[in-house]
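Architecture and fold: a report
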Amino acid sequence: MRMAERLLCCSLIVLLLCSCKQSSSNQEHSDYYSEQHRPEFHFSPEIGWMNDPNGLVYFEGEYHLFYQYYPDSTVWGPMHWGHTVSTDLVHWMHLPVALYPDSLGYIFSGSAVVDKDNTSGFGSQGQIPLVAIFTHHDPAKAKAERIDVETQSIAYSLDKGRIWTKYAANPVVKNPGIRNFRDPKVLWHEESKHWIMPIAAHDHLEFYHSPNLKEWTKTGEFGQSHGAHGGVWECPDIFPLRASNGAEKWVLIQNMDRGAVNGGSGAQYFVGYFDGTTFINDNPPELQLWLDYGADNYAGVTWFNAPKDRRIFISWMSQWFDYAQKVPTHPWRSAMTVPRELSLKETNAGLRLFQLPVEELTGLRSDTMTIVKQEIRDSVTIREATTLLELELEFDLSSSTATDFGFVLKNKLGEQVIIGYHRIDSTFYIDRTKSGKSSFSDKFARVDSTPYSAHSTMKIRAFVDVASVEVFVDDGRLAMTEIFFPNEDFTITQIFSNGGSVNLQAGRIYALESIWKQRMN
Ligand code: FRU
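What this report covers is the structure whose coordinates are included nearby. (Residues numbered from 1 in each chain as written. Predicted model: local features only at pLDDT ≥ 70, side-chain atom pairs only at ≥ 80, totals over all residues. Heavy atoms only, no water.)

Next up on the list: the site of the ligand. Taken together, Asn51, Asp52, Gln68, Trp76, Met79, Phe108, Ser109, Arg182, Asp183, Glu234, Tyr298 and Trp320 form the complete shell of residues around the ligand. In the environment of the ligand, an oxygen atom lies 2.7 Å from a nitrogen or oxygen atom belonging to the side chain of Gln68. Contact between the ligand and Arg182: an oxygen atom at 2.7 Å from a side-chain N or O atom of the residue. Surface burial for the ligand is 96%, taken as the share of its 320 Å² of free accessible area covered by protein chains. Looking at the shell around the ligand, the elements with two or more residues in it are strand 1 (48-59) and strand 5 (106-114). (Near = heavy atom within 4 Å. Polar contact = N/O pair within 3.5 Å; in protein donor to acceptor, adjacent residues only side chain to side chain. Areas by Shrake-Rupley, 256 points an atom, 1.4 Å probe, with all protein chains shown as cover. Helix = DSSP H or I, 4+ residues; strand = E, 2+ residues; numbered from the N terminus.)

Enumeration over the complete set of coordinates arrives at 34 salt bridges. In this structure, the salt-bridge partner of Arg242 is Glu248, at a minimum N-O distance of 3.2 Å. Under the relative-accessibility criterion, Glu248 is labelled partly exposed at 48%. Where Glu390 meets Arg365, a salt bridge forms, and the shortest distance between an N and an O atom there is 2.7 Å. (Salt bridge = Lys/Arg side-chain N within 4 Å of Asp/Glu carboxyl O. Buried < 20%, exposed > 50% of the residue type's maximum accessible area, 1.4 Å probe, protein only.)

Taken as a whole and assessed by the stated rule, the structure comprises 38 aromatic pairs. Consider the rings of Trp81 and Phe134, whose centres lie 6.1 Å apart with planes at 65°: the pair is edge-to-face. Placement of the pair is Trp81 in strand 3 (residues 80-86) and Phe134 in strand 6 (residues 130-137), with a sequence separation of 53 residues. Phe134 shares its class with Trp81; the two are buried. Measuring from ring centre to ring centre gives 4.9 Å for Phe440 and Phe444, while their planes differ by 55°; the resulting arrangement is tilted. Residue Phe440 is classed as buried on the basis of its relative accessible area of 16%. Each residue in the set Phe43, Tyr58, Tyr63, Tyr67, Tyr69, Trp92 and Trp303 is aromatic and connected to the rest through ring pairs, giving one cluster. The ring of Phe321 has Arg258 lying over it, and the distance from NZ or CZ to the ring centre is 3.8 Å. (Phe/Tyr/Trp six-rings, centres within 6.5 Å; stacked < 30°, edge-to-face > 60°. Lys NZ or Arg CZ within 6 Å of the ring centre and 35° of its normal.)

Residues other than glycine predominantly adopt negative phi, and peptide bonds predominantly adopt the trans conformation. The step from Asn170 to Pro171 runs through a cis peptide bond, and the omega angle for that step is 0°. Turning to its location among the elements, Pro171 is positioned in the loop between strand 8 (165-166) and strand 9 (181-182). Following His330, the chain continues into Pro331 via a peptide bond in cis, with omega recorded as 5°. In this structure, Pro331 sits in the loop between strand 19 (312-316) and strand 20 (332-333). Non-glycine residue Leu89 carries a positive phi angle of around 65°. Within the element layout of this structure, Leu89 appears in the loop between strand 3 and strand 4 (93-99). Judged by relative accessible area, which is 1%, Leu89 ranks as buried.

Strands belonging to one sheet form pairs held by backbone hydrogen bonds; the direction of such a pair is parallel or antiparallel. If you walk across this open sheet you meet the four strands as 14-15-16-17, and the pairing is antiparallel. The strands lining the two open edges of the sheet, one partner per strand, are strand 14 (233-242) and strand 17 (279-281). Across the sheet, the mean angle from the axis of one strand to that of its neighbour is 40°, orientation sign disregarded. As defined by bridge partners, strand 14 adjoins strand 15 (residues 248-256) across nine bridges and the pair is classed as antiparallel. By the bridge assignment, Glu234 is partnered in strand 15 with Asn255. (Pairing = 2+ DSSP bridges. Axes fitted to C-alpha atoms, helices over the stretch in contact; angles between N-to-C directions.)

Within the secondary structure layout, Ile238 lies in strand 14. Taking the C-alpha atoms as reference, Ile238 lies 8.9 Å from Met197; in sequence the two are 41 residues apart. Here Ile238 is in contact with Leu187, Pro198, Phe207, Trp250, Val251, Leu252, Phe274 and Phe279, once residues within four sequence places are set aside. (Contact = heavy atoms within 4.5 Å.)

Spatial strand order, 5-6-7-8: four strands in an open sheet with antiparallel pairing. Single-partner strands in this sheet number two, and they are strand 5 and strand 8. As paired elements, strand 5 and strand 6 share seven bridges and run antiparallel to each other. Across the sheet, the residue bridging to Ala112 is Ala132, located in strand 6.

Glancing now at the nonpolar core. Phe428 and Val469 are the most contacted members of the largest nonpolar core, which has 50 residues in total. One finds Leu56, Ala306, Phe472 and Leu512 within the second-largest nonpolar core, a separate group that totals 35 residues. (Core = buried A, V, L, I, M, F, W, Y, C linked by side-chain atoms within 4.5 Å.)

Now for the side chain of Asp183. As for its placement among the helices and strands, Asp183 is situated in the loop between strand 9 and strand 10 (187-189). Overall, Asp183 belongs to the buried group, its relative accessible area being 5%. Looking at Asp183, its side chain comes within polar contact range of the main-chain nitrogen of Cys235, at 2.9 Å. For Asp183, the contacting residues outside a window of four places in its chain are Ser109, Thr135, Gln152, Pro198, Glu234, Cys235 and Pro236.

Next up, the structure:
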């Protein structure tokens with residue numbers, strides 16, 4: 001059986017499993033997804049290689065997550081769009097591959113929209129079409145070192161994203177003579193009654209617009225002299241967001257494949273004004289703002305049409321050049337971050353993007369423990385037998401004499417990941433130098449840190465899965481995401497203070513449930 005067919009079978013089996021689970025008791029557990037390093041509350045593919053999130057769209061009660069997918073191997077290859085859906089952004093149901101490579105090339109990253117007014121004409125008999133907009137990447141042209149490798153194409157679905165038909169007249173945007181020309185992220189711009197499409201074009205963005213998703217006209221460019229340029233610009237996103245001071249702003253996310261804040265792949269953003277054709281950056285062009293200061297948060301974009309105007313963001317939890325294709329997982333590679341809700345808040349430095357895990361994740365809390373207010377010196381063990389955790393800690397820095405403080409995840413083998421704030425250096429860090437397996441890359445065992453000026457109290461919230469930690473500081477002002485591969489799961493959690501003391505004002509630790517072993521609701 002070909003791998004792709006096997007995958008379809010697997011998916012059908014999972015669908016059956018899921019529906020069985022729906023009718024069975026809450027207590028019932030299965031061994032599904034129990035490999036070493038398999039994330040328990042993050043999305044990961046059953047088998048094969050995954051990178052970017054694609055086609056994020058909410059439609060008729062379902063959040064769709066498509067993703068860059070190569071089912072036949074655990075390294076990158078001919079790209080497909082894998083597909084999963086969720087009704088709550090927490091539990092995911094695997095669906096068959098949505099888009100396969102074809103004569104125009106691999107199916108690279110892109111987006112999806114609900115064409116509710118049927119501007120495309122793809123709708124029929126009152127069925128609202130979902131339209132996917134993606135890059136066709138021609139591997140033969142790439143091999144021949146041609147420039148016109150990438151073009152933009154569309155496909156549509158009339159059955160809630162299950163079956164997709166590619167448009168017969170693809171591509172809808174030809175290559176304009178730019179080698180890296182990809183990752184269209186389409187939105188509806190109500191003021192101009194047009195679809196808007198930013199496309200990453202090597203070292204800048206190009207904006208196109210269209211009345212019908214089929215005919216596109218270039219309207220402008222942004223970015224050649226703005227932000228970071230250490231690598232190729234990929235996977236853009238642009239959306240309006242009302243700031244905490246009431247201002248209507250636009251946020252432009254621009255991922256970059258290397259040379260980002262922690263050396264690898266990363267997501268920068270800009271805040272400004274957009275009239276449907278031109279983006280004006282509110283900040284000085286040289287200012288670099290990043291969505292996440294850890295090593296493993298890339299290609300993040302947001303959902304189209306999320307209810308209640310929520311701006312929900314998700315990323316690939318890895319990074320390209322240092323180790324993505326070498327991490328020790330089998331028979332799959334890579335996971336997504338948890339979905340995060342973005343907001344724009346006033347800070348002393350101006351408007352900044354804040355992010356917190358979506359509130360739906362609180363539904364995974366199974367057991368809560370309050371940590372009493374206390375002075376921390378050296379270390380205090382707060383958990384000894386739990387791997388999946390959400391942690392909330394609030395420290396009082398005003399009387400602290402510590403050089404650094406924070407929390408550490410450990411196992412009995414002495415492996416550990418340290419997450420802390422260095423009070424003297426004013427840096428926040430994740431230290432995974434002794435986190436377990438790392439021989440697959442000499443870039444993996446390392447400390448990532450970022451300047452951070454704390455207030456008199458510091459709140460740390462963290463989500464810990466089998467192979468990752470996502471840290472949100474001071475209600476999401478700073479985010480850091482990192483992956484790790486301990487030889488035995490980390491089950492011990494300690495709070496620590498080095499070189500002096502720090503007061504823990506309040507603390508709570510929640511054991512989380514696995515999304516794969518629970519009843520699917
Ligand atoms: C980003 C990226 C995109 C491209 C895709 C290919 O990680 O390089 O620019 O469309 O991955 O898989």
